[in-house]
Amino acid sequence: AVVSTQSTGIELPFSNDIKKAVFPKIRYTPSQDQLTAVDKLIDNMDLNSKPEFKESEMSNPGIQRRYQCVVHRALQSDSPLPEVDVSDLIKLPSFDTSDAVKECNKYFEVKLIEKKPTKRTAGEMFSTDNIDVTNDIKKVKKEDISLDDLLGAEVKIGTTRPVADFQLACSKLGPNSACTMMCDVISQLVQHSGSNIPQSLRALRERCVKEGFHGIFNNLLRKEFQYELFKKICKEEEMSLIHKGECEGSPVSAVESEVFLKGDELVKDMESDDDDDLLDML
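(A) Structural view of the overall build of the protein. Summing up its helical and strand segments, the protein has 12 helices and 4 strands in all. Expressed as a percentage of the 282 residues in the protein, the buried residues total 22%. Expressed as a percentage of contacts within the protein between residues at least 6 apart in sequence, the contacts between residues at least 24 apart total 52%. Just so you have it, the protein exposes about 21,900 Å², and 53% of that area is on carbon and sulfur atoms.

Now the structure itself:
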């Protein structure tokens, strides 16, 4: 989308029109004949070479339409305005690219790629076309029908029902991959102040304690604890770093886990006790 200012007529793009596209490197190196053929095709479609599109010879269609309406109102005030016909306002040039296209077809081998068969749905798998009737007993043909064919091979953890998706991912992808994916989902929920953070965090912690993945959970906590929303949820749910008493191999002690979660409160309590001792001494 482009906006044209009325005062200057300069076309200004929106912010979402400015994008940085990253293209992969082309592994194929064209020959000189191929480059020449493509250059010829581009030159034949170049508008700068058409006299109809020269700035000095080309009228503004918007202004021409306005003049057309003014003349029509002056001569035929009672009749409606005529329909807009672009051919009356601007002359469209003709492009003769037949020779350039033939040359491109000569140096570029074009092959027809057959479309790969799409995945079948459950309705197609269990339709009557796949059923044989033998001795008045319907038997399904022997086919490799797996749960992946019915539910889809790709498993993702979404932000709508992350706990249920996490349990499914653990059974299909394994706990390690599922826990890593769950960390990314929790980070997204924290960034966008989404719901389901307490349930997701609790499910991830229980699985990490069970599987011995203390590093995955503790790294997530240290990374996201800087955000007030996440810190508040951890304190309300009393979820801190996984310590040695919960998971063997964790380098975090129970005291360090408590200090991590309630460090500020412990410091305040110590300062309050020091103040009380000072008052007693006075």
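From this point, things continue past the structure.
(B) Representation of helix H9 (residues 197-211) within the structure. Spanning 15 residues, H9 covers 21 Å between terminal C-alpha atoms, matching the ideal 21 Å at 1.5 Å per step. Among all positions of H9, only Ile197, Ser200, Leu201, Ala203, Leu204, Arg205, Arg207 and Cys208 are buried. Where H9 is buried, its residues touch helix H7 (162-173), helix H8 (175-191), helix H10 (214-224) and helix H11 (228-237). Looking one or two places after H9, you find Gly212, whose phi comes out positive at around 85°.

(C) Highlighting the packing of aromatic side chains. For the structure shown, the criterion picks out 1 aromatic pair. Ring centres of Phe225 and Phe260 lie 4.6 Å apart, and the angle between their planes is 40°; on these two criteria the pair is classed as tilted. Taken together, the residues Phe225 in the loop between H10 and H11 and Phe260 in helix H12 (residues 254-281) connect sequence positions 35 residues apart.

(D) How the structure looks around the packing of H9 against H11. The interhelical angle for the contact between H9 and H11, taken along N-to-C directions, is 65°, at an axis separation of 10 Å. In the packing of H9 onto H11, the handedness of the crossing is right-handed. Judged by residue contacts, Ile197, Pro198, Leu201 and Arg202 of H9 engage Leu229, Phe230, Ile233, Cys234 and Glu237 from H11. The residue inventory of the contact of H9 with H11, partitioned by class, reads 7 nonpolar, no polar and 2 charged.

(E) Examining the nonpolar core more closely. Counting residues in each nonpolar core, the largest one holds 32 residues, and the members touching the most others are Phe166, Ile186, Leu201, Leu204 and Phe230. Of all elements in the fold, only H7, H8, H9, H10 and H11 reach the threshold of two or more residues within this core. Per element, the largest residue contribution to this core is 8 residues, and it comes from H8. Sequence-distant contacts of Leu204, that is, excluding residues within four places in its chain, are made with Phe166, Cys179, Met182, Cys183, Ile186, Phe217 and Leu220.

(F) Structural view of helix H2 (residues 61-75). In this model H2 runs 21 Å from its N-terminal to its C-terminal C-alpha over 15 residues, within 8% of the 21 Å that 1.5 Å per residue would give. Of the positions making up H2, those classed as buried are Arg65, Cys69 and His72. Across the axial projection of H2, the buried residues extend over an arc of 65°, all falling on one side. H2 presents Arg66, Tyr67, Val70, Ala74 and Leu75 as exposed residues on the side facing more than 90 degrees away from its buried surface.

(G) Here's a closer look at the layout of surface pockets. Here the largest pocket is characterised by a volume of approximately 150 Å³. Of the residues forming the lining of the largest pocket, the biggest block, 5 residues, is contributed by H12.

(H) Focus on the pattern of salt bridges. This structure, assessed with the given rule, holds 5 salt bridges. We note a salt bridge from Arg161 to Asp165, for which the minimum N-O separation is 3.3 Å. The exposure class of Asp165 is buried, given its relative accessible area of 13%. Between Glu237 and Arg202 there is a salt bridge; the shortest N-O distance is 2.5 Å. Of this pair, Glu237 sits in helix H11 while Arg202 sits in helix H9; the two residues are 35 residues apart in sequence, bridging distant segments of the chain.

(I) Looking closely at the side chain of Asn218. Note on placement: Asn218 falls in helix H10. Beyond its immediate sequence surroundings of up to four residues, Asn218 is in contact with Leu241, Ile242, Ser250 and Val252.

Rules used in this analysis
- Residues numbered from 1 in each chain as written.
- Predicted model: local features only at pLDDT ≥ 70, side-chain atom pairs only at ≥ 80, totals over all residues.
- Heavy atoms only, no water.
- Helix = DSSP H or I, 4+ residues; strand = E, 2+ residues; numbered from the N terminus.
- Buried < 20%, exposed > 50% of the residue type's maximum accessible area, 1.4 Å probe, protein only.
- Contact = heavy atoms within 4.5 Å.
- Areas by Shrake-Rupley, 256 points an atom, 1.4 Å probe, with all protein chains shown as cover.
- Expected span 1.5 Å × (residues − 1).
- Phe/Tyr/Trp six-rings, centres within 6.5 Å; stacked < 30°, edge-to-face > 60°.
- Axes fitted to C-alpha atoms, helices over the stretch in contact; angles between N-to-C directions.
- Left-handed = near helix turned anticlockwise from the far one by under 90°.
- Nonpolar A, V, L, I, M, F, W, Y, C, P; charged D, E, K, R; others polar.
- Core = buried A, V, L, I, M, F, W, Y, C linked by side-chain atoms within 4.5 Å.
- Arc of directions from axis to C-beta.
- 1 Å grid on protein atoms, 1.4 Å probe; cavity = no way out; pocket = protein on both sides within 12 Å on 5 of 7 lines; lining within 4 Å.
- Points joined across faces, edges and corners; volume = space filled by probe spheres on them.
- Salt bridge = Lys/Arg side-chain N within 4 Å of Asp/Glu carboxyl O.

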